[in-house]
Amino acid sequence: MSKPKQPQEMKPATAAAKLDVYLPATPPEFRAGPVTREQLDELQRNPPQWLADLRRDGPHPRNVVAARLRVSNSGLARGGVTEALTTAEIQALSADPPEWLVRERESFAEVRAEQRRLQERRP
């Protein structure tokens, strides 16, 4: 006989990355132990209030901050952004972009355009 199948588990950091939330901002019970695939699926289907609030207001992880500012993760680092930002902080940066943000957006747009051009050339 075969063993009963164990549920697939992941570290809280992995689950937070899959949910696009900043791990230190999650509740202690989320960070306390492993998260099963079923729990992750349920969080994605029916997000609890804490998850909805984090996704809406932040603080957001670097990949989300970069996407919302339309720059790369490296561009954030070059701009000196090393901490997680809230939605309000991201909106403030977008409303009055500093020179580094304007420069990084231009660079990011050029890279994306080049990637699209190369993709179109492939048979």
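How should the environment of Pro61 be read in this particular structure?
Mapping Pro61 onto the fold places it in the loop between helix H4 (49–57) and helix H5 (62–69). The exposure class of Pro61 is buried, given its relative accessible area of 13%. If sequence neighbours within four positions are ignored, Pro61 has contacts with Asp20, Val21 and Tyr22.

Would you take a moment to explain the packing of aromatic side chains for this structure?
Describing an aromatic ring pair means giving the distance of the ring centres and the angle of the ring planes. Evaluated as defined, the whole model comprises 1 aromatic pair. Seen from their ring centres, Phe30 and Trp50 are 5.4 Å apart, and the 55° between their planes marks the pair as tilted. Here Phe30 is found in helix H2 (residues 28–31), whereas its partner Trp50 is found in helix H4, with 20 residues between them in sequence. Since its relative accessible area comes to 8%, Phe30 is described here as buried.

Please explain the pattern of salt bridges as it appears in this structure.
Inspection of the entire model under this criterion finds 6 salt bridges. The residue Glu104 makes a salt bridge to Arg78 at a minimum N-O spacing of 2.9 Å. With Glu104 in helix H8 (residues 99–121) and Arg78 in helix H6 (residues 73–78), this residue pair connects regions lying 26 residues apart in the sequence. A relative accessible area of 8% places Glu104 in the buried class. Overall, Arg78 belongs to the exposed group, its relative accessible area being 54%.

Calculation rules
Every chain is numbered independently, its residues counted from 1 as its sequence is written. Only residues with pLDDT of 70 or above have their local features reported here, since the model is predicted, and side-chain atom pairs are shown and tallied only from 80 upward, although totals for entire chains, interfaces and linings are computed over all residues. Values reported for side chains reflect all heavy atoms of the structure, with hydrogen atoms and water molecules removed beforehand. Strands here are runs of E lasting at least two residues and helices are runs of H or I lasting at least four, both read from the DSSP assignment and numbered beginning at the N terminus. Throughout this description, buried means an accessible area under 20% of the type-specific maximum (1.4 Å probe, protein chains only), exposed means over 50%, and partly exposed covers the range between. It only takes one pair of heavy atoms within 4.5 Å for two residues to be counted as in contact. What counts as a ring pair is set by centres within 6.5 Å for rings of Phe, Tyr and Trp (its six-membered ring), and what kind of pair is set by the plane angle: stacked under 30 degrees, edge-to-face over 60, tilted for all other angles. Should a side-chain nitrogen of Lys or Arg be within 4 Å of a carboxyl oxygen of Asp or Glu, the pair is scored as a salt bridge.

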